[in-house]
Amino acid sequence: MLDDSNDIKHRNHTLAWASLTCITLALILSILVQFTNSWQTSEYDGVSYGLDSVAIDCSDPQWLWGCDDEVHAILFTDDWDDLEGEEFDMSEKKYLRGPHDNYCVNYIRMMLNWELAWGGSNSNENLEAAEHWEEKCLNSNKAGETGGIVIWMGAISALFGTTFILISNIDKTLPSNAERYGHFIAWVSGGFILLGCLTWVLMRPEPPIGYDFGMSFYMTIIAGVLAICAGFLSMFGKNKIPNED
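A brief structural summary. (Residues numbered from 1 in each chain as written. Predicted model: local features only at pLDDT ≥ 70, side-chain atom pairs only at ≥ 80, totals over all residues. Heavy atoms only, no water.)

**A word on the overall build of the chain**
1) Next: Regarding its fold elements, the chain presents six helices and five strands.
2) Next: Put simply, the chain runs from its N terminus to its C terminus through helices and strands in the order α-β-β-β-α-β-α-α-α-β-α.
3) Next: In the chain, buried positions account for 43% of the 245 residues.
4) Next: A fraction of 75% describes how many contacts in the chain between residues 6 or more apart in sequence connect residues 24 or more apart.
5) Next: Carbon and sulfur atoms make up 60% of the accessible area of the chain, which amounts to about 13,700 Å² in all. (Helix = DSSP H or I, 4+ residues; strand = E, 2+ residues; numbered from the N terminus. Buried < 20%, exposed > 50% of the residue type's maximum accessible area, 1.4 Å probe, protein only. Contact = heavy atoms within 4.5 Å. Areas by Shrake-Rupley, 256 points an atom, 1.4 Å probe, with all protein chains shown as cover.)

**A few points about the nonpolar core**
1) Next: Counting 23 residues, the largest nonpolar core has Ile23, Trp39 and Trp200 as the members making the most contacts within it.
2) Next: When contributions to this core are tallied by element, the ones reaching two or more residues are helix H1 (2-32), helix H4 (124-169), helix H5 (182-203) and helix H6 (215-236).
3) Next: Here Ile23 is in contact with Ala158, Gly161, Thr162, Ile165, Ala186, Ser189, Ala227 and Ala230, once residues within four sequence places are set aside.
4) Next: Core analysis: the second largest hydrophobic core is formed by 15 residues, Tyr49, Cys58, Ile74 and Leu75 among them. (Core = buried A, V, L, I, M, F, W, Y, C linked by side-chain atoms within 4.5 Å.)

**So, the environment of Gly224**
1) Next: Of note, Gly224 is situated in helix H6.
2) Next: With a relative accessible area of 0%, Gly224 lands in the buried category.

**Observations concerning a negative patch on the surface**
1) Next: Residues Asp52, Asp78, Asp79, Asp101 and Glu145 make up a contiguous surface patch of negative charge.
2) Next: Position of Asp101 among the secondary structure elements: in helix H3 (residues 100-117). (Patch = residues over 30% accessible without salt bridge, like charges linked within 9 Å, V, L, I, M, F, W, Y side chains within 5 Å. Salt bridge = Lys/Arg side-chain N within 4 Å of Asp/Glu carboxyl O. Lys, Arg positive; Asp, Glu negative; His and termini not counted. Charge placed at Lys NZ, Arg CZ, Asp CG, Glu CD.)

**Quick word on the state of the cysteines**
Joining two cysteines, a disulfide is a covalent bond between their sulfur atoms.
1) Next: Counted according to the given criterion, the structure contains one disulfide.
2) Next: Here Cys22 is not cross-linked by a disulfide; its sulfur's nearest cysteine counterpart is in Cys229, at 6.0 Å.
3) Next: Judged by relative accessible area, Cys22 falls into the buried class, the value being 14%. (Disulfide = S-S within 2.5 Å.)

**Comments concerning the environment of Val54**
1) Next: Within the secondary structure, Val54 is located in strand S3 (residues 53-57).
2) Next: With a relative accessible area of 0%, Val54 lands in the buried category.
3) Next: The sequence separation of Val54 and Asp101 amounts to 47 residues, and the corresponding C-alpha distance is 8.9 Å.
4) Next: The residues contacting Val54, other than those within four sequence positions of it, are Asn37, Val47, Ser48, Tyr49, Phe76, Leu96, Arg97, Gly98, His100 and Tyr103.

**A few points about the packing of aromatic side chains**
1) Next: Scanning the entire structure with this criterion turns up 15 aromatic pairs.
2) Next: Between the aromatic rings of Phe35 and Trp152, the centroid separation amounts to 6.1 Å while the plane-to-plane angle is 75°, which identifies the pairing as edge-to-face. With Phe35 in the loop between H1 and strand S1 (40-42) and Trp152 in helix H4, the pair connects residues that are 117 residues apart, well separated along the chain.
3) Next: Residue classification places Phe35 among the exposed positions, given a relative accessible area of 53%. (Phe/Tyr/Trp six-rings, centres within 6.5 Å; stacked < 30°, edge-to-face > 60°.)

**Digging into the packing of H5 against H6**
1) Next: Remark: H5 packs on H6, axes separated minimally by 7 Å, with the N-to-C direction vectors making an angle of 160°. What the angle tells us is that H5 and H6 run roughly antiparallel. Here H5 and H6 pass one another in a crossing that is left-handed.
2) Next: For the contact of H5 with H6, the per-class residue count stands at 16 nonpolar, seven polar and no charged. (Axes fitted to C-alpha atoms, helices over the stretch in contact; angles between N-to-C directions. Parallel < 35°, antiparallel > 145°, perpendicular 65-115°, else oblique. Left-handed = near helix turned anticlockwise from the far one by under 90°. Nonpolar A, V, L, I, M, F, W, Y, C, P; charged D, E, K, R; others polar.)

**A look at H5**
1) Next: Here H5 is 22 residues long and its end C-alpha atoms lie 31 Å apart, about the 32 Å a rise of 1.5 Å per residue gives.
2) Next: Burial in H5 covers these residues: Gly182, His183, Ile185, Ala186, Ser189, Gly190, Ile193, Gly196, Cys197, Thr199 and Trp200. (Expected span 1.5 Å × (residues − 1).)

**Quick look at the side chain of Thr162**
1) Next: Within the secondary structure, Thr162 is located in helix H4.
2) Next: Excluding residues within four positions of it along the chain, Thr162 makes contact with Leu20, Ile23, Thr24 and Leu27.

**What about the pairing of S3?**
1) Next: Among the five residues in S3, four count as buried, and that is most of the element.
2) Next: In this sheet, S3 lies alongside strand S2 (residues 47-49) in antiparallel orientation, the contact comprising three bridges. If you follow Val47 over to S3, its bridge partner there is Ile56.
3) Next: In this antiparallel pair of consecutive strands, S2 and S3, the connection spans three residues. (Pairing = 2+ DSSP bridges.)

Structure (structure tokens):
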């Protein structure tokens, strides 16, 4: 009988700390993916997308314009007109990163200006195509921002879940024994994280040919699954490590 009791204590102890490990990893991943630029990537050019940012790998031969400060300023500036007459250090960079919405507006403007510079013309057809691309790009940015907000809600929930499960594991109590609900908060966290991921997928426009889900997308799914697993582990471990006495 004593051996059975010890086995149960050992099982609960293992499940409780495994739950804390899972929810902590979910918390870390759900925050990390907000700042990465590999939600949408392509093997055909050096551009990759985060939730609300764009990154350019200038070492990629498909990125034709290099990475000098001028290109950086043109693509990611808040106000194009502020750049007029400004001189740039043309020393090359290897990596550029900036706001997604600025990139959408400035990239197409740069393309239209270069078309004129090379003797072309901004016909109605070209302007309509440019407006369509810009609108699609901005919609993609909106999808990232909306999905990011939902994932942040999941991250905040994961923070509370981590705290509640930790307090339960060290045999402490909160007012009204709130630590008992650590497993439920973990489920809520996982639901928000996965919902944010799904929101981004459903809201984003169809990506260009060659673009696919990147590492950050899969990291977010893993974070959501870990949070849900943490809830089950905590529940089956009775959300409490038995006293040794």
